[in-house]
Amino acid sequence: MAREIAKAYEPQQIEPRWAEYWVKQELFKADPSAPGPVFSIVIPPPNVTGSLHIGHMLEHTEIDILTRWHRMRGYNTLYLPGTDHAGISTQRVVVKQLMDQGIDYQKLGREEFEKRVWAWKAEAGSQITEQMRGIGESCDWSRERFTLSPEMSRVVRKVFVQLYNEGLIYRETRLVNWCPVCLTVLSDLEVNHEERLGHLWYIRYPVAGTEESVVVATTRPETMLGDTAVAVNPEDERYSGLVGKRVVLPLMNREIPIIADSMVDREFGTGAVKITPAHDPNDFEVGKRHGLAEIDVMRDDGRMSGAAGTYAGLDRFEARKKIVEDLKALGLLEKVTDHTHAIGICERSKTIVEPRISTQWFCAMKGLAAPALRAVREWEPGKENTIQIVPDNRRQEFLNWLDNIRDWTISRQLWWGHRIPAWYCGGCEEMIVAEEAPTRCVKCGSGKLRQDPDVLDTWFSSGLWPFSTLGWPEKTADFEKYYPTSLLITGYDILFFWVARMAMLGIHFTGKVPFRAVYLHSLVRTGSGEKMSKSKGTGLDPVALNQQYGTDAMRFCLASMAAPGTDIVLSDDRLAGARNFANKIWNAARFLFLNLDKFEQRGTGIEELASPGVRSGAPYAFEGSVPLVDQWLYSRLTITIETVNEALKNYRFHEAAQDVYQFFWGDFCDWYIEWVKPELQSENRERAVVAWKNLFAAFNDALRLLHPFMPFLTEELWHQLPQAAEAKSIALDPFPTPRTHWTTGGKEIGLMGQFQMMQEVVTALRNIRAEMKLDPKKKMSAELYSFDGVTRDAMERSKDGIVRLASLSLLTISSKPLEQAGGAVRSTAAFDVRIAYSDAVDGEAEKTRLKKEIEGLQKAISSKESQLGNETFRSRAPEKIIRGLEATLADQRIELQKLRERLAELERHR
RNA sequence: AGGCUCGUAGCUCAGUUGGUUAGAGCGCCACCUUGACACGGUGGAGGUCUGGGGUUCGAGUCCCCACGAGCCUACCA
């Protein structure tokens, strides 16, 4: 039966079929009772509102490569998928959607709103997981989790209550980060600091009952309405007479004291600072020290409050303008200067964050951080219950941050999230914290209980992810088998948000680290080097690109650029290169299929040619020995398998990808296939069959080697090749293992070296043809000389191959040096080749080439000579280096000698 | 303010403990519609590793300084 296969690879025709097959067949369902070492990984749950962006594509590619690689190597593998309820962003999305329908969510009420969000989630929340299926991620979909599911909620409540009972969660009134747009408190991490150009306003405050005054400098004049003091440094003689006196607060006509506090920097501004405890973190501390009143002049939406007098109701920025104008009119504005300072921005709404006094829930961090710190600090290979962080420089960042950690604000004023399990008694104001809703007050017995309206920071539930998803607190089979997870792959931008919190909570609650290693992947940047951003429209849509180039190409491209610690700049050129690679493999397969057809036409059956036994038995011998080209190719294969394993073990995806690429394209296609072509057609049936079997087995290994990187293409081709009857997927086939009998025994290097010399001969001959502009169609005869009998014998055996690949008509191998006259010569230390021809030689070009080469060699030789002539070098350098240097020098001297003779020859015949 | 990273071929980047003429992809030049592949084949050109100093027998690789780019942390009004 002739096989139909398209001339070019068309991923669009193939990918959806396999994506569906993998999910339907449940190929990647984990079995905790199965044997083998464990590899488990949980997904960093993407936002349910989200769609796959390029960062996910990179992250998921890396996860899937390592997952498939481990699975093929016989690990009991779990890749657990899921999504995050993403409090603020999901709420924002649904609020906006309702607004578009003319519905005010506040009026809808909390319960109804929550229903709408769940409805929305049911309808649209599976977009990203569908996309994940589409790109072929080898997840166990039967274990998909959602951070706000009832099961996860139970875990959240249990954890909250325990932390509360341990005194690690507490409720307190203090100055927090408030977003006037999101209308919720934020944690420190959700506030980004940006340098912005602002102003410093110098405002004169008259001292009460005198003609004196004090000038204060501020970046936020609107907060002056809430001033409750002016502070100076106690050491500052300029103001020593004023401390204890009172100033009249302009615009408000309120008298406030002048106090002394060492926090005031005498050098900054005027050395006198207004104190607004309700609106500035520093001032809040000063206020506490001095027992000052806290006057909140702003509402939660950023407008001025009733306490702001005539400015009440104005937006904070309008109020600023108005206040500055009014001060100017009163002659109290001394001057205004430009001033650059860091300003807090809400990472969601991008508005300026307002420090605000508020009662919130906090989680004490110091005690939780210490064991996490130790787990990371004490990591070393193989050490139990420690965490490796890769790349290494992030580890230091992690330790620094945890060292200086501050308490975490965990409550949020949202409706979408895990509601805080705290109830307040309407009778006695007692607070009850419990896993299940209490029916009456434990203190006064009242049944009038209301639950705390706030929800928990989304990262609180994400922090439990590695164990909550595996069934904790029950001792489930999954938890026992797959926890701690083997590895976490995520972006460094959430190292603190997420990784640190998982480490802390994981150790605290399970006594074990949640993951043995964390690999922090790179960021994908645009062509101009910027961080990709949807809002700026600079983001690339991976789904569209996958459509255009193929998911395999995208995966391979990302992997080949994913060097640890280096950001990735993705380009069309690069993607096209990966697509071309996929096409190359496709066509190599096409070549195999065409040959298989020919064999079948000639009556050799598929059973003989491609039984599973054929693959493990290769390489096969012909007439008693394995052909040189097979010895070489299988050695290269072994080396490639080893380097790929080593690279993936160390998260060096780019190296692994590069090695596979080089092997498949450079070795397998460019040399091996070309070399064995005539042998596949050999009249000698045994010769042809051996060639086929070796080709087929090597290709099979190469496909499996490539599978973690390009799952679709390799699955497709694997199924088109003959497989064992019960085989379902290449993903379940073993990863190739080194064919050790071809790398041990010390023979291998010699054999590889022999074939490499053939390659050098062929390249030298091709070089002559190209440089001398010989007609490519015209077959020429050539001569080869080597002083070494072993080399000559090897050449003799490989003669047919050389003749074919260098387009010769005849190759003569001689034990006598070549005649100097006529044609063009190329030399290495080991051999000389010449193509004889009668046309006029472009002597000048050849001379220039020779001179250049001579110059380069001379430089290399003299540097080696001086190094080897140096006694200190000889006494201190390792023996291996010295001997290597000497051997190279000897070769180079021979080459130089030959080049000089050749040049002299040309000059004689000018 | 503190900490960190980077600066290698026209472009994007590799280069693991310092060691033999510094690599890849893309781009470029020349030739080739050869029976797997023009999403291809063959051959080739092109860097002295930002600059300066130092350690060393030996430095792209280690140290210091300068210049340039970026990241993280941070309550100086």
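Every residue gets a number counted from 1 within its own chain, in the order that chain's sequence is written. Here every chain gets a letter starting at A, and every ligand a number starting at 1, in the order they are written. At least 70 in pLDDT is required for a residue's local features to be given in this predicted model, at least 80 for side-chain atom pairs to be given and counted, and no such filter applies to totals for whole chains, interfaces and linings, which use all residues. With hydrogens and water stripped out, all remaining heavy atoms of the structure feed into the side-chain values.

1. A closer look at the pattern of salt bridges
And then number 1: Salt-bridge detection follows one rule: a side-chain nitrogen of Lys or Arg within 4 Å of a carboxyl oxygen of Asp or Glu. Scanning the entire structure with this criterion turns up 54 salt bridges.
And then number 2: Measuring nitrogen to oxygen at the nearest pair gives 2.4 Å for the salt bridge that ties Asp701 to Arg704. Linking Asp701 with Arg704, this pair stays in helix H23 (residues 685-706), spanning three residues, or about one helical turn. With respect to class, Asp701 is no different from Arg704; both count as buried.
And then number 3: Members of the salt-bridge network, linked through shared partners, are Arg220, Glu222, Arg316, Arg320 and Glu354. Comment: elements are numbered from the N terminus, with helices defined as DSSP H or I runs of at least four residues and strands as E runs of at least two. Categorising residues by exposure relies on relative accessible area from a 1.4 Å probe, with only protein chains included: less than 20% of the type maximum marks a residue as buried, more than 50% marks it as exposed, and the intermediate range marks it as partly exposed.

2. So, the protein's contact with RNA strand B
And then number 1: We call a residue near a molecule or strand when any one of its heavy atoms sits within 4 Å of it. If you check the shell around RNA strand B, you find 63 residues, and the closest are Asn282, Thr566, Arg876, Thr888 and Gln892.
And then number 2: The protein-proximal atoms of RNA strand B, defined as those within 4 Å of the protein, are 63% sugar or phosphate.
And then number 3: Among the secondary structure elements, those contributing two or more residues to the surface near RNA strand B are strand E8 (213-218), strand E13 (333-346), helix H18 (572-601), helix H22 (653-680), helix H25 (747-771), helix H28 (843-869), helix H29 (871-876) and helix H30 (879-908).
And then number 4: Charged residues are taken to be Asp, Glu, Lys and Arg, nonpolar residues to be Ala, Val, Leu, Ile, Met, Phe, Trp, Tyr, Cys and Pro, and polar residues to be all remaining types, Gly included. Broken down by class, the residue content of the surface near RNA strand B amounts to 23 nonpolar, 21 polar and 19 charged.

3. Concerning the side chain of Ser461
And then number 1: Within the secondary structure layout, Ser461 lies in helix H12 (residues 458-462).
And then number 2: Note on contacts: a residue pair qualifies if any of its non-hydrogen atoms lie within 4.5 Å across the two residues. Discounting residues that sit within four places of it in the chain, Ser461 has contacts with His85, Thr147, Val156 and His418.

4. What about the confidence of the model for chain A?
And then number 1: The quantity known as pLDDT measures the predictor's confidence residue by residue, on a range of 0 to 100. In the predicted model, chain A carries a mean pLDDT of 90, and the fraction of residues at 70 or more is 96%.
And then number 2: Our summary of model confidence lists the complex with pTM equal to 0.93 and ipTM equal to 0.95.

5. Some remarks on the side chain of Asp283
And then number 1: For Asp283, the location among the structural elements is in helix H8 (residues 281-290).
And then number 2: Here Thr276 takes part through its backbone nitrogen, which lies 2.7 Å from a polar atom of the side chain of Asp283.
And then number 3: For Asp283, the residues in contact, after removing those within four places along its chain, are Met263, Lys274, Ile275, Thr276 and Pro277. Two N or O atoms form a polar contact when they lie within 3.5 Å of each other; inside protein one atom must be a possible hydrogen donor and the other a possible acceptor, and for residues adjacent in sequence the pair counts only when both atoms belong to side chains.

6. Observations regarding empty space enclosed by the protein
And then number 1: The pocket and cavity definitions rest on a 1 Å grid over protein atoms only: a 1.4 Å probe that fits but cannot leave marks a cavity, an open set with protein on both sides within 12 Å along at least five of seven lines marks a pocket, and residues lining either have an atom within 4 Å of a point. Grid points are joined across faces, edges and corners, and a volume is the space filled by probe spheres set on the points. Under the criterion given, the structure shown has one cavity of 30 Å³ or more.
And then number 2: Computed from the structure, the largest cavity encloses a volume of approximately 30 Å³.
And then number 3: Lining the largest cavity are Trp178, Pro180, His279, Met298, Arg299, Asp300, Gly302, Glu354 and Arg356.
And then number 4: Looking at the lining of the largest cavity residue by residue, the class counts come to three nonpolar, two polar and four charged.

7. Digging into the nonpolar core
Soluble globular proteins tend to bury their nonpolar side chains together.
And then number 1: We call a set of buried residues a nonpolar core when its members are Ala, Val, Leu, Ile, Met, Phe, Trp, Tyr or Cys and they connect through side-chain atoms within 4.5 Å of each other. Of all hydrophobic cores here, the largest spans 205 residues; its most connected members are Leu163, Phe460, Leu570, Phe668, Leu695, Phe699 and Phe709.
And then number 2: Residues in contact with Phe460, not counting those within four places in the same chain, are Val156, Val159, Phe160, Leu163, Ile169, Trp408, Ile410 and Leu505.
And then number 3: Residues Met224, Val297, Ile323 and Leu332 belong to the second largest nonpolar core, which totals 28 residues.

8. Comments concerning the packing of H28 against H30
And then number 1: Close contact between H28 and H30 brings their axes to 9 Å; oriented N to C, the two are set at 150°. Relative to H30, the element H28 is oriented roughly antiparallel. Crossing handedness for the pair H28 and H30: left-handed.
And then number 2: Residue composition of the contact of H28 with H30, grouped by class: 13 nonpolar, five polar and 12 charged. Only the contacting stretch of a helix is used when fitting its axis, a line to C-alpha atoms as for every element, and angles between N-to-C directions run 0 to 180 degrees. Here the word oblique covers every angle except those under 35 degrees (roughly parallel), over 145 (roughly antiparallel) and from 65 to 115 (roughly perpendicular). Crossing handedness is defined as follows: a turn of the near helix away from the far one that is anticlockwise and smaller than a right angle gives a left-handed crossing, while the clockwise case is right-handed.

9. Some details on the packing of helix H10 (residues 366-377) against helix H11 (residues 392-403)
And then number 1: Orientation of H10 relative to H11, taken along the N-to-C sense of each, is 160°, at an axis distance of 9 Å. Between H10 and H11, the crossing angle belongs to the class labelled roughly antiparallel. For H10 against H11, the interelement crossing comes out left-handed. Judged by residue contacts, Lys366, Ala369, Ala372, Leu373, Val376 and Arg377 of H10 engage Arg395, Phe398, Leu399, Leu402 and Asp403 from H11.

10. Quick look at the pairing of E8
And then number 1: Taken across its six residues, E8 has five buried, putting it largely inside the fold.
And then number 2: Pairing between strands is defined by DSSP: at least two bridges between the two strands are required. The pairing of strand E7 (residues 191-206) with E8 spans six bridges and is antiparallel. For Arg204, the partnering residue across the bridge sits in E8 and is Val215.
And then number 3: Where E7 folds back onto E8 in an antiparallel hairpin, the turn is made up of six residues, including Gly209, whose phi is positive at roughly 75°.

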